[in-house]
Amino acid sequence: MVYDYDATSINEDESGCQLLDGFAIFIQLVLAALAFLTLIIKRQKESPQRPLLTWSFDVSKQVIGGAVVHTLNLVASHIFGKNVEEESNPCVWYFLNIFVDTTLGVLVIWAILSIVKFFVRFYRLKGFQSGVYGEPPITNQMKNWTKQLVVYIMTLITMKIVVVILFSICPWLESFGKWVLSWTMGNYRIQVVFVMLIFPLIMNIVQFWIIDTIVKHKVLGSIRLSTDEELSEDMLISDGEYNTDDVFFNENGSEEGDANSISSIKIHTTNNNTDTFEEENSIYELRTSHVNHSCI
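Residues numbered from 1 in each chain as written. Predicted model: local features only at pLDDT ≥ 70, side-chain atom pairs only at ≥ 80, totals over all residues. Heavy atoms only, no water.

Our next topic: the side chain of Asn204. Of note, Asn204 is situated in helix H8 (residues 188-215). Since its relative accessible area comes to 11%, Asn204 is described here as buried. Beyond its immediate stretch of four places on either side in the chain, Asn204 contacts Leu31 and Thr102. (Helix = DSSP H or I, 4+ residues; strand = E, 2+ residues; numbered from the N terminus. Buried < 20%, exposed > 50% of the residue type's maximum accessible area, 1.4 Å probe, protein only. Contact = heavy atoms within 4.5 Å.)

Okay, here's the thing in structure tokens:
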């Protein structure tokens, strides 16, 4: 599959695309600030909202991971931008890195973290459950955060290895990248703004939101119980286990029919689809018997 583009439109400005000059670095800092802002907005909209410390731990992993991936993207762009035959455009390769990272890369990250989650549960490894940092002191929480950060960084590095292999076996991707960026050829600044700000911002927002959902701890729904009256430490017998005509016996085998208390509780269950509460009135019997102990 070949994408045609006007080769005559490639001039010195294209080959002179710089990813680490002053203008490009400024664009990268703007991108980082905007991407971080989207995570703050996501926190404001999430429900239930994570505690600030937990959210900070989660986001810091993404920030550090993003810096690692960005560095790897720059290195990969320069390596693939300098082939044996002719010098290629590093902006094209940076565009391709972002494109693959935020599409196929997200699937790779999800798959690896799912495998890690399985082994963590299977072997009951402490401190590796994503988004769970334990109780204070902060030193203990930092240890758990460090463990999870190492796993996350290794996941990102593995993802980049997959991307590099893909570039090696699919050389036609360079032609695709040049075709997409053909409208920016000849204007270095427009090309850098699109490749390092506009396109990454759109794609990274989606990527950050998805990964933030993956790495944060999921809180399972719970059943809420409300009592009509305060219950004592009497034994709770499930509904249907005993009928109202049941007879209790004491240790001597004689009938004991004095049930001291009968209380009922209401179970409120959350309907996940409609977010409404359904009330099921179920009678539970709490019976206590006074057993007369006799001395022989």
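The step from Ser47 to Pro48 runs through a cis peptide bond, and the omega angle for that step is 0°. Inspection of the secondary structure puts Pro48 in the loop between helix H2 (22-45) and helix H3 (52-80). Omega for the peptide link from Pro136 to Pro137 comes to 15°, which places this bond in the cis form. With respect to the helices, strands and loops of the structure, Pro137 is situated in the loop between helix H5 (104-123) and helix H6 (138-169). Backbone geometry places Arg124, a non-glycine residue, at a positive phi of 55°. Inspection of the secondary structure assignment puts Arg124 in the loop between H5 and H6. Since its relative accessible area comes to 73%, Arg124 is described here as exposed.

Another aspect to go through is the packing of aromatic side chains. Counted according to the given criterion, the structure contains 17 aromatic pairs. Geometrically, the ring pair formed by Phe122 and Tyr123 is edge-to-face, given 4.9 Å between the ring centres and 85° between the ring planes. Under the relative-accessibility criterion, Phe122 is labelled exposed at 56%. Since its relative accessible area comes to 52%, Tyr123 is described here as exposed. These aromatic residues form a ring-pair network of at least three members: Phe95, Phe99, Phe176, Trp179, Trp183, Phe194 and Phe199. Residue placement shows Arg189 over the ring face of Phe23; its charged tip is 4.5 Å from the ring centre. (Phe/Tyr/Trp six-rings, centres within 6.5 Å; stacked < 30°, edge-to-face > 60°. Lys NZ or Arg CZ within 6 Å of the ring centre and 35° of its normal.)

This part is about the packing of H2 against H3. The geometry of H2 relative to H3 is characterised by a closest axis approach of 12 Å and an angle of 150° between their N-to-C directions. What the angle tells us is that H2 and H3 run roughly antiparallel. Like other packed secondary-structure pairs, H2 and H3 cross with a definite hand, here right-handed. The residues of H3 that touch H2, namely those facing Gln28, Phe36, Leu39, Ile40 and Arg43, are Leu52, Trp55, Val59, Gln62, Val63, His70 and Leu74. Class assignment for the residues of the contact of H2 with H3 results in 8 nonpolar, 3 polar and 1 charged. (Axes fitted to C-alpha atoms, helices over the stretch in contact; angles between N-to-C directions. Parallel < 35°, antiparallel > 145°, perpendicular 65-115°, else oblique. Left-handed = near helix turned anticlockwise from the far one by under 90°. Nonpolar A, V, L, I, M, F, W, Y, C, P; charged D, E, K, R; others polar.)

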